[in-house]
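# Breakdown of the fold
Spelled out from the first residue to the last, the chains are:
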2 protein chains.
Amino acid sequence: MLAPLYQIGEKETMVVELISVGTEILLGNIVNTNAAYLAERLAGFGMSVYFQETVGDNPERLYTVLKQAKDRSDVVILSGGLGPTQDDLTKETAAKVCGKGMHEDQKAKQCLIEYFKKTKKTASEISENNWKQAIVPDGSIVLYNDNGTAPGIIIEADDGKKVVLLPGPPHELIPMFEKQVAPYLCGIEQGVLYSKVVKIDSIGESAVEMAILDLINEQSNPTVAPYAKPGEVHLRITAKAKDEEEGEKLVMPIVEELKRRFGRHIFTIEEHVTMEEALVDMMIRHHLTFATAESCTGGLLAGRLVNVAGVSECFNEGLITYANEAKMKYLGVTEETLKEFGAVSAECAKEMSEGLAKKTGADITIATTGLAGPGGGTKDKKPGLVYISCTLHGKTTVQRHQLNGNRDKVRHTAVVRALTLMRHTIIHEYE
Amino acid sequence: MLAPLYQIGEKETMVVELISVGTEILLGNIVNTNAAYLAERLAGFGMSVYFQETVGDNPERLYTVLKQAKDRSDVVILSGGLGPTQDDLTKETAAKVCGKGMHEDQKAKQCLIEYFKKTKKTASEISENNWKQAIVPDGSIVLYNDNGTAPGIIIEADDGKKVVLLPGPPHELIPMFEKQVAPYLCGIEQGVLYSKVVKIDSIGESAVEMAILDLINEQSNPTVAPYAKPGEVHLRITAKAKDEEEGEKLVMPIVEELKRRFGRHIFTIEEHVTMEEALVDMMIRHHLTFATAESCTGGLLAGRLVNVAGVSECFNEGLITYANEAKMKYLGVTEETLKEFGAVSAECAKEMSEGLAKKTGADITIATTGLAGPGGGTKDKKPGLVYISCTLHGKTTVQRHQLNGNRDKVRHTAVVRALTLMRHTIIHEYE
């Protein structure tokens, strides 16, 4: 096998270039999330991405782009164009750029057979062109695809450059990258690449970075890399180790140190757990039911929580009380409160979450009321003003936020703030 | 001025290349929506986009990418990197690639002064580096920015190639492209580029294309171009004309023909109107109030409708009845129905929207109930099965959909189907 391509902690970084193949992406019919995903993961390994390209299903143009990428970067990762149809030509083009012939690979064929077995397809259901996917460039490494038909491929060119071909669908690309490509890129032959992500809420990226400057500066193995998402910051800790056990030993002390520094702002250290999943999980763990009462967010908060499979264990009902009358009718908000303080007020928010608790009997209730804009502002209340109230067993916390952005952004940010308030309220009482 | 760059209907298409500049896009911290937007608009003009690149705020790498793009394409459009800070170097790099010097431009300076006047900034609030934005490449066309500080720029290189620089924020880029760049690219000096978009629901892209093949084949001026979005297909009709009036005369007969062909499947012919805006507008026009009862969509349907500013005119309340008990408690769904047919059934959906009408008094009510998955399926009811029921003044329509994709996709598609059913129900009774 090869010498390690890249040692974590080495000064010289590996340069990786990303090419997205597909006319649908080129024309903007679908949004390119693979490039963002790969860029984040590579940055986490300390690798550098300087260029990304998008090109349609056209072999000449793909050739030009890939040739150039291979000339100037150490590794080129292509996504898309590996399927069984006529216009899927990524593999053929990559072989040409690397000066390799093609042959039918038994491992690749076996992958296909097993996948078809798994999906219980009969021979007659498998169209002939599927077998095209078992043809691979000479001397390449075949990557198993547990979630689709097209195997991935790593071509090791004679000049030492690597060309990695991944299938386009994210649910195929992500596990293949994690399990097979990431260890390869980090030069792990015998050992493993052990990685944890620490996800942090309600602290900005620069504040997070300031708080871990010493860790970033000291790092060699493991490395720590921050990555910002709307309303959250992820810190990825990655170690090269001979096995999982050693990897864990290297990574977990850093995770513990981050826990000390960020405390309850850490909502998960699990790779695929979202903010809403962490919250739902916490509520199920503490046998808490929740209910929602939304005005400005208008269903988005519940909508996000309901995206968690299994939410039915802790969620029965939610209310969208957009009009003042609905706030009175369902939640018992008083006319006096609405008259004196208005619907966008701490007082109204408090009555909403407390009224919701009475109405539903849920353990924890959350209410939003705000001015999403663009119109409707006054001298004291500007668009973006949102009140969020959370009641847990009779105890209420109200937060005031002045949020930036257009109507859509204000509403989505309010949802993140509400999820965060719920989580912190539960931690305060239970953990 | 120049000769027209591009004649609509000419066989030879103009080749345009897109470059997104910015480290945040390169690293995936923000999603690149500008490229998708520009690709759609350019396709609508019959122009070809073969390559897209993303590059960080690094002048050497940007130089390489831009130089190559300019060599192989007729027009290069760059977005981002035009701001006042040190690392905004798009303009300087573009000037270098085109072999142009730089000078302070009075029009650009005036743009800045007017923008600051509009935002009521005092001289002391304007930091010195802002004036950097008035420095432009020699001989370039300065594009006004009504929504930000950085002017756009068109550089006409000596070899006839054009380099267009646009600001990164979409709310600055889009109006600048529409009002100033699009007419320029289409070679409109004296005249205008008149364009309408016909937005169609519930018909797939290929079916839409089949239905207008004759129009596509016959086209010269105006042109007709389809563009697919989730749950909708847009047809853009574009004419080159000496003035708005002539443009309208050329375009509207095609719009009328499309209306004849697609009838009530057209939900708007307005550029910026979304499916939910068209529906809210229709309900306001007919003085109809609506209410929502959501199970599998869990608030997403109301959440989307509430994103329409002014929805308060027709919306008071929505319910998220996730549990069976909530369906009984709020909507009066009977235990018998739940026992005999289950919560995911036409019978339950019908009782939901009818119960909601009774509960709220709203003119039109919509209910969703389904299996979003991944688990929970049975032999007869597979994940993706969704029932949608719409009641308008006592008359109920129930639809059954078997939707594809993961939990998130099933729920979002169900929302589009629900919006469509509401609109078609209203049309059937009122229009």
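Use the structure listed above.
Overview of the structure. (Residues numbered from 1 in each chain as written. Chains lettered and ligands numbered in written order. Predicted model: local features only at pLDDT ≥ 70, side-chain atom pairs only at ≥ 80, totals over all residues. Heavy atoms only, no water.)

### Considerations on the sheet that holds strand β13 (residues 290–294) of chain A
On the basis of which strands lie adjacent, the open sheet formed by ten strands has the order β17(A)-β16(A)-β15(A)-β13(A)-β14(A)-β14(B)-β13(B)-β15(B)-β16(B)-β17(B) and mixed pairing. Unpaired on one side and paired on the other, β17 (395–402) of chain A together with β17 (395–402) of chain B mark the two borders of the sheet. Between one strand and the next, the sheet's axes are offset by a mean angle of 10°, whatever the strand orientation. Relative to strand β14 (residues 315–321) of chain B, strand β14 (residues 315–321) of chain A runs antiparallel, the two being bridged by five bridges. (Pairing = 2+ DSSP bridges. Helix = DSSP H or I, 4+ residues; strand = E, 2+ residues; numbered from the N terminus. Axes fitted to C-alpha atoms, helices over the stretch in contact; angles between N-to-C directions.)

### What about the interface of chain B and chain A?
The interface is formed by 60 residues belonging to chain B together with 60 residues belonging to chain A. Taking both sides of the interface into account, the surface hidden between chain B and chain A amounts to around 4400 Å²; carbon and sulfur atoms contribute 53%. Taken together, the links from chain B to chain A amount to two salt bridges. The partner of E317 of chain A in a salt bridge is K329 of chain B, and the shortest N-O contact between them spans 2.8 Å. Linking chain B with chain A are 29 residue pairs in polar contact (both at pLDDT 80 or more). (Contact = heavy atoms within 4.5 Å. Buried area = accessible area lost by both parts, 1.4 Å probe. Salt bridge = Lys/Arg side-chain N within 4 Å of Asp/Glu carboxyl O. Polar contact = N/O pair within 3.5 Å; in protein donor to acceptor, adjacent residues only side chain to side chain.)

### A few points about the pairing of strand β13 (residues 290–294) of chain B
Across the five residues of β13 of chain B, five count as buried, placing the element largely inside the fold. Side chains of β13 of chain B alternate between two faces, with F290, T292 and E294 of chain B and A291 and A293 of chain B buried alike. (Buried < 20%, exposed > 50% of the residue type's maximum accessible area, 1.4 Å probe, protein only.)

### Focus on the state of the cysteines
For the structure shown, the criterion picks out zero disulfides over all chains. A disulfide-free cysteine, C348 of chain A has its sulfur positioned 11 Å from the sulfur of C296 of chain A, the nearest such atom. (Disulfide = S-S within 2.5 Å.)

### Some words on the side chain of N145 of chain B
Residues and elements named next belong to chain B. Note that N145 resides in the loop between β6 (141–143) and β7 (152–156). Owing to a relative accessible area of 6%, N145 belongs among the buried residues under this scheme. There is a polar contact of 3.0 Å between the side chain of N145 and the backbone nitrogen of G148. For N145, the residues in contact, after removing those within four places along its chain, are Y115, A150, P151, P167, E172 and M176.

### A closer look at the pattern of salt bridges
Charged atoms that come close allow side chains of opposite charge to pair. All names here are of chain A. Using the criterion set out here, one finds 42 salt bridges over all chains in the structure. One salt bridge in this structure joins D281 and R285, with 3.0 Å as the shortest N-O distance. You can see D281 and its partner R285 sitting in helix α10 (residues 275–285), four residues apart, about one turn around the helix. Each of D214, E257, R260 and R261 takes part in a single network of salt bridges with overlapping partners.

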